[in-house]
Amino acid sequence: MKVNITRTKYQHRQTLGELVVLNDKGQKVFNCKTLELPDLNNKRKVSCIPKGTYTVVKRKSPKYGSHFHITNVPNRDMILIHLGNYFTDILGCVLVGKALTDLNKDGYHDVTSSKDTMKSLLGLLPDEFELKVE
């Protein structure tokens, strides 16, 4: 399987995108929306990660439950794909959801149905895979 995040909109406080999962034949089998922090040159805890290709592994923790860990991010650690709705829920990680809408009426898009989206991804993706961020 191939997994890609394509960033579609860069804003002052956040970055919006789409995550697509392709099967071995190159056919789309899943897609969802992503929410990251703005691009601030890979600064720790305030920026999205740089464009590139990363190895991702499934992981469990008391705080986030089952989620994904994006490894080998230059000068960063513990970059996760996890549950959440708002850019204030992340310190450099990636949130996933079904759609983008302004849930809390602060003028910024949030991701919806994050729990269900994460459950789908956890059931679909292998324990380790490659992620391309564009």
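### Section: the packing of aromatic side chains
If you walk through the whole model with that rule in mind, you get two aromatic pairs. Ring centres 5.5 Å apart and planes at 75° place the aromatic pair Phe-68 and Phe-129 in the edge-to-face group. With Phe-68 in strand β5 (residues 65-70) and Phe-129 in strand β10 (residues 128-133), this residue pair connects regions lying 61 residues apart in the sequence. Pair check on accessibility: Phe-68 and Phe-129 agree, each one buried. Ring centres 5.5 Å apart and planes at 70° place the aromatic pair Phe-87 and Tyr-108 in the edge-to-face group. Taken together, the residues span a long stretch of sequence, with Phe-87 in the loop between β6 (79-82) and β7 (94-97) and Tyr-108 in the loop between β8 (100-101) and β9 (110-111) at a distance of 21 residues. One exposure class covers both Phe-87 and Tyr-108, and it is buried.

### What about helix α1 (residues 114-124)?
Buried within α1 we find Ser-114, Thr-117, Met-118 and Leu-121. Seen along its axis, α1 keeps its buried residues to an arc of 95°; they face one direction. Summarising the geometry of α1, the exposed residues directed more than 90 degrees from the buried face are Lys-115, Asp-116, Lys-119 and Gly-123. Tucked into the core, α1 has its buried residues touching β2 (15-22), β3 (28-36), β5, β6 and β7.

### Notes on the sheet that holds β5
Around the barrel, eight strands lie side by side as β1-β2-β3-β7-β6-β5-β4-β10; this closed barrel has mixed pairing. Between one strand axis and the next, the sheet turns by 30° as a mean value, whatever way the strands run. Both β6 and β7 contribute to a ladder of two bridges, which runs parallel. Along β7, the bridge assignment pairs Ile-81 with Val-94.

### Comments concerning the layout of surface pockets
Put simply, the largest pocket is a space of about 260 Å³. Together, 14 residues line the largest pocket, and Lys-45, Asp-77, Met-78, Leu-91 and Cys-93 are the ones closest to its centre. Residue composition of the lining of the largest pocket, by class: seven nonpolar, one polar and six charged.

### Some thoughts on the nonpolar core
One broad trend across soluble globular proteins is that nonpolar side chains are buried collectively. Of all hydrophobic cores here, the largest spans 22 residues; its most connected members are Leu-19, Phe-68, Ile-70, Ile-81, Leu-121 and Leu-131. Of all the elements, β10 adds the most residues to this core, at three residues. When sequence neighbours within four positions are dropped, the list of residues in contact with Ile-81 reads His-67, Phe-68, Ile-70, Val-94, Val-96, Met-118 and Leu-131. Counting residues in hydrophobic clusters, the runner-up holds 10 residues, among them Leu-35, Phe-87, Cys-93 and Val-111.

### Observations regarding the pairing of strand β1 (residues 2-10)
When β1 meets β2, the two strands line up antiparallel, connected through eight bridges. The residue of β2 that forms the bridge with Tyr-10 is Thr-15. Where β1 hands over to β2, the hairpin turn is made up of four residues, counted between the paired strands.

What counts and what doesn't
Residues numbered from 1 in each chain as written. Predicted model: local features only at pLDDT ≥ 70, side-chain atom pairs only at ≥ 80, totals over all residues. Heavy atoms only, no water. Phe/Tyr/Trp six-rings, centres within 6.5 Å; stacked < 30°, edge-to-face > 60°. Helix = DSSP H or I, 4+ residues; strand = E, 2+ residues; numbered from the N terminus. Buried < 20%, exposed > 50% of the residue type's maximum accessible area, 1.4 Å probe, protein only. Arc of directions from axis to C-beta. Contact = heavy atoms within 4.5 Å. Pairing = 2+ DSSP bridges. Axes fitted to C-alpha atoms, helices over the stretch in contact; angles between N-to-C directions. 1 Å grid on protein atoms, 1.4 Å probe; cavity = no way out; pocket = protein on both sides within 12 Å on 5 of 7 lines; lining within 4 Å. Points joined across faces, edges and corners; volume = space filled by probe spheres on them. Nonpolar A, V, L, I, M, F, W, Y, C, P; charged D, E, K, R; others polar. Core = buried A, V, L, I, M, F, W, Y, C linked by side-chain atoms within 4.5 Å.

The values are spatial; any link to function lies outside them.
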